[in-house]
Amino acid sequence: MKMNPWTLSVLLLLAGPLGADPGWHVEYPDSFCMVEGSTATIPCSFTHPAGQRVERVVWCPNHEICQDPTPNVYDSSNVWDDSRFLYLGDRVRNCTLKIIKTVKQDAATYRFRLETNGDKYTGQKGVRVNVTNGEVVKVRSSVTDNVLKEGGQVTLTCTSACSFHQLKVHWYRHGHALPETGPALHLSCLTNDDTGNYTCSLDSSGQKTSAPWSLVVVEDEDGEVVKVRSSVTDNVVKEGGQVTLTCTSNCSFHRLDVHWYRNGHALSDTGPALHLSNLTNNNTGNYTCSLDSSGRKTSAPWCLVVLEDEEKSGWRVTVSVVSVLSAVILLLLAGLVFTKRRHAQKKASEVKNTSEQEVDRKQEAVEASEEVSYSTVHFKRNSSRSAPGPEHEIVYSEVVR
């Protein structure tokens, strides 16, 4: 079809600087395969000249420049709340588009357009989206036999008429949804719990679901699946020492919960390694590990014996002897102090009694001296023996009371 120069100029003007400025660019895959009813994400990125601000972004089907009045599946200036087309990008570099519950009418060539405060640009290459009915969805296995031994591994892949690199795949075991998503399901370190019928679906409703693939996990009769290994060669460790116990198996533990036990009692520690430090006699016991809380897959016990450190023991004996001697000396000192105090109290009591007796004697003497005493009475008479007369005198020399 021939196009006159005027029409071509108008289209180039509407489309923006199509490649004229290397600062303009939109990058997305050439084609994209989707299964009807599934949800897929179309990756997209863009650039624009520096100094310009993006004001509007648009996704449109089957149009060269996404210019109005072209129908759009997404327009940042007119967002539809119930649209199946979800814009996951931004106005900086990302223009990713998500299509939810694809229908056959979604098959088209989609283009991205951005408008800045200075110009506008549409990624002309576009991305071709093909929609298939997805009737043939299968589960393929990395092994030829569906019977595997415990500890083995297998990878299941969900396949269809087109690539799943951008499709959201759901996995089920016995019809119950698994947390894993994506086209491949990796199962490692298999146990009996992994036995079951596996299916995959291209949407969460399960409408596009594969036929079941049966996995049977049997017990490994060749030997132990789970073992406890120690960081020390001898299971006898001195007090204060340390040891690391590791739960090992013939497969990785990255997706398993490891439980630890001492003498059959569950420990709070979980994980493939158990670190025991500053050991005491309380750590002595038989240690086992299990791959599940039920304890069905439990290792043989590993015995740990914690012995008393002889140097520390001798030091404790010395301390004990010194403590006893110190206690005896303190008791002797206390007894000596008590005896001296008793002796001093007894002596003080004797002195007090003696003083009281002396005071009593003095008191008795004072009371006795208070009685009347007549010391001497002298009678003086005239030498002549004449009759008594007035001249005769009686001399009282002293009367003492």
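Within every chain, residues take consecutive numbers counted from 1 along the sequence as written. In view of the model being predicted, local features appear only for residues whose pLDDT reaches at least 70, and side-chain atom pairs are presented and counted only at 80 or more, with totals across whole chains, interfaces and linings using the full set of residues. No hydrogens and no water enter the side-chain calculation; it runs on all heavy atoms of the structure.

## Details of the overall build of the protein
Formally: A run of H or I in DSSP counts as a helix once it spans at least four residues, and a run of E counts as a strand once it spans at least two, with each numbered from the N terminus. Contacts are residue-level and defined by heavy atoms, with any inter-residue pair within 4.5 Å sufficient. Residue exposure ignores everything except the shown protein chains as possible cover, and the areas themselves are Shrake-Rupley values with a 1.4 Å probe.
Helix and strand counts for the protein stand at two helices and 27 strands. Restricting to contacts in the protein with at least 6 residues of sequence separation, those with at least 24 account for 62%. Accessible surface, the protein: about 25,500 Å² in total, of which carbon and sulfur atoms supply 53%.

## Regarding the environment of N62
By the secondary structure assignment, N62 is in the loop between β5 (54-61) and β6 (74-75). Sequence spacing of N62 and G126 is 64 residues, and the spatial spacing of their C-alpha atoms is 9.0 Å. Setting aside chain neighbours within four positions, we find N62 in contact with A108, T109, R111 and R128.

## Here's the deal with the state of the cysteines
Rule in force here: Note on disulfides: each one is a pair of cysteine sulfur atoms within 2.5 Å. To sort residues, take the accessible area from a 1.4 Å probe on protein chains only and compare it with the maximum for the residue type: under 20% means buried, over 50% means exposed, and anything in between is partly exposed.
All told, the structure shown has four disulfides when counted by the stated rule. Between the sulfur of C44 and that of C95 lies a disulfide, 1.8 Å long from S to S. Taking the sign of the S-S torsion, about -80 degrees here, the bridge from C44 to C95 comes out left-handed. Linking C44 in the loop between β3 (40-42) and β4 (45-47) with C95 in the loop between β7 (85-87) and β8 (97-99), this pair joins segments that are 51 residues apart in sequence. Across this residue pair, the class does not change: C44 and C95 are buried. Bridging C158 to C200, the disulfide has an S-S length of 2.0 Å. Disulfide C158-C200: torsion about the S-S bond near 70 degrees, hence right-handed.

## Re the sheet that holds β8
Rule in force here: Note on pairing: two strands pair once DSSP finds at least 2 bridges between them. The angle between two axes is taken between their N-to-C directions and runs from 0 to 180 degrees, where each axis is a line fitted to C-alpha atoms and a helix contributes only its stretch in contact.
As summarised here, the arrangement of the three strands in space is β3-β8-β7, forming an open sheet in which the pairing is antiparallel. Each end of this open sheet is capped by a strand with a single partner; those strands are β3 and β7. Sheet twist, expressed as the average angle between the axes of neighbouring strands with direction ignored, equals 25 degrees. Here β3 runs beside β8; their pairing, made up of three bridges, is antiparallel. Bridged to I42 within β8 is L97.

## Some details on the nonpolar core
Where we set the bar: In these notes, a set of buried Ala, Val, Leu, Ile, Met, Phe, Trp, Tyr and Cys residues joined through side-chain atoms within 4.5 Å is what counts as a nonpolar core.
Of all hydrophobic cores here, the largest spans 27 residues; its most connected members are V26, F46, W59, Y87, Y110, F112 and L114. Secondary structure elements with two or more residues in this core: β2 (31-35), β3, β5, β7, β8, β9 (108-116) and β11 (127-132). Per-element tally for this core: the top contributor is β9, with four residues. Beyond its immediate chain neighbours, meaning those up to four positions away, V26 contacts C44, S45, F46, F112, L114, Y121 and G123. In this structure, V137, V139, C158 and L185 belong to the second largest nonpolar core, which totals 21 residues.

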